[in-house]
Amino acid sequence: MGLPAEQKSDEASSVVTGRLITSSGEAKAVWHLPDEAPVAILYNGEQFAVMMATAQDVEDFATGFSLTEGIADSASDIEEIRIAEVADGVIVNIRIDPAKLERAEGRRRTLTGRSGCGLCGAQSLDAVMQPLKKVKAVSPLPEAVDAALKGLRANQPMNALNKSTHAAGFATMDGQIILVREDIGRHNALDKLIGAMARRGIDASTGFIVLSSRFSIEMAQKAASAGAGFVV
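Quick caveat: nothing in here was measured; it's all calculated off a predicted structure.

Chemist: Let's hear about the packing of aromatic side chains: which residues, and what values?
Modeler: On inspection of all chains with the given rule, the structure shows four aromatic pairs. Centroid distance Tyr43 to Phe48: 5.4 Å. Interplanar angle 85 degrees. Geometry classified as edge-to-face. Judged by its relative accessible area of 1%, Phe48 falls in the buried class. With 5.8 Å between their ring centres and 80 degrees between their planes, Phe208 and Phe230 make a pair best called edge-to-face. One end of the pair, Phe208, is in strand β9 (residues 207-211); the other, Phe230, is in the segment after α7 (217-225), and 22 residues separate them in sequence. Classification of Phe230 as partly exposed rests on a relative accessible area of 26%. Ring pairs connect the aromatic residues Tyr43, Phe48, Phe61 and Phe65, which therefore count as one cluster.

Here it is in structure tokens:
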């Protein structure tokens, strides 16, 4: 047996109560709703985007977002991340070389990025339809893929509670899940995973990424930016 995947066990849910009505009568019902809050992302004190997200693993999210938006080439490009909780959400100020920020100016968001969309508010089609980065192809065996899918389901403490959050995980070539991040938004979960991998120096070409969601264009862009050659 391998070690369990690194994960965060905080609930990140709100509890609500109500009535469950069935053919046999009424009963008290309790729901755990996933938390969602605006996360304002600033670079060098200037607002770049506001993303609706589950406000956990924010430093991983800030790092991953910086990488997948093409602002940073590596985690070492980020000089500092400051996180402040405010009444309505979270403010994240990221210090980075201004020259690196200039090249991603077209990807600045003019609208709030909803949890269901990783491209909301981008300023132009050119900014959205970026060419995919070339990556090293890897081909895990089918049994490794099956093991990774089962392992991802077993490493989602948030989703086990609220049944509503997505996850992104990294698996070794034998299918062992070693890192998982969750969020109400699928693209946010992937950004968090990519940021966590970068901060830990994990090379994406040594394994593969496993998602709980559909594999849309922005997910392909993000995975490629991380150097992943295989996504389940």
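Having seen it, we continue.
Chemist: An account of the environment of Ser74 is needed here, citing residue identities and associated values.
Modeler: Inspection of the secondary structure puts Ser74 in the loop between α1 (58-68) and β5 (80-86). When the C-alpha positions of Ser74 and Ala226 are compared, they lie 9.5 Å apart, and in sequence the two are 152 residues distant. There is a polar contact of 2.7 Å between the side chain of Ser74 and the side chain of Ser76.

The rules behind these values
Residues numbered from 1 in each chain as written. Predicted model: local features only at pLDDT ≥ 70, side-chain atom pairs only at ≥ 80, totals over all residues. Heavy atoms only, no water. Phe/Tyr/Trp six-rings, centres within 6.5 Å; stacked < 30°, edge-to-face > 60°. Buried < 20%, exposed > 50% of the residue type's maximum accessible area, 1.4 Å probe, protein only. Helix = DSSP H or I, 4+ residues; strand = E, 2+ residues; numbered from the N terminus. Polar contact = N/O pair within 3.5 Å; in protein donor to acceptor, adjacent residues only side chain to side chain.

The values reported here are purely geometric and, on their own, carry no functional implication.
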